[in-house]
Amino acid sequence: MSIFDYNKRKIPEYYKGMYLDDFTPAEILMSSRESLLKEIQKKNEPQEIKFTAEIKIK
């Protein structure tokens, strides 16, 4: 485990009062970035599309 991974594991998901709980600006920024990336990934997930075709022969 690297130092970055060790420091990252103690940072919770972003919330507005993080500065009141003694998180540094760098930790708040990292947390907000992760929250934004999660939102983007949810929006970009491919959604299941089903096509049905019916062929009628005369």
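Residues numbered from 1 in each chain as written. Predicted model: local features only at pLDDT ≥ 70, side-chain atom pairs only at ≥ 80, totals over all residues. Heavy atoms only, no water.

Caption draft 1: Broad picture of the environment of serine 35. Position of serine 35 among the secondary structure elements: in helix H2 (residues 25-44). In this structure serine 35 comes out as buried when scored by relative accessible area, which is 15%. As for serine 35 and phenylalanine 51, which are separated by 16 residues in sequence, their C-alpha atoms are 34 Å apart. Residue contacts for serine 35: discarding those within four places in its chain leaves Glu13 and Tyr14. (Helix = DSSP H or I, 4+ residues; strand = E, 2+ residues; numbered from the N terminus. Buried < 20%, exposed > 50% of the residue type's maximum accessible area, 1.4 Å probe, protein only. Contact = heavy atoms within 4.5 Å.)

Caption draft 2: Summary view of unusual backbone geometry. Notably, aspartate 22 is not glycine yet its phi reads approximately 65°, a positive angle. Its place among the elements puts aspartate 22 in the loop between helix H1 (3-8) and H2. Given the relative accessible area of 69%, aspartate 22 is considered exposed.

Caption draft 3: View of the pattern of salt bridges. Within this structure, the stated rule accounts for 2 salt bridges. Taking the shortest distance from any N to any O, the salt bridge between lysine 50 and glutamate 48 comes out at 3.8 Å. Pair check on accessibility: lysine 50 and glutamate 48 agree, each one exposed. Note that lysine 56 is salt-bridged to glutamate 54, the shortest N-O span being 3.8 Å. What makes lysine 56 exposed here is its relative accessible area of 68%. (Salt bridge = Lys/Arg side-chain N within 4 Å of Asp/Glu carboxyl O.)

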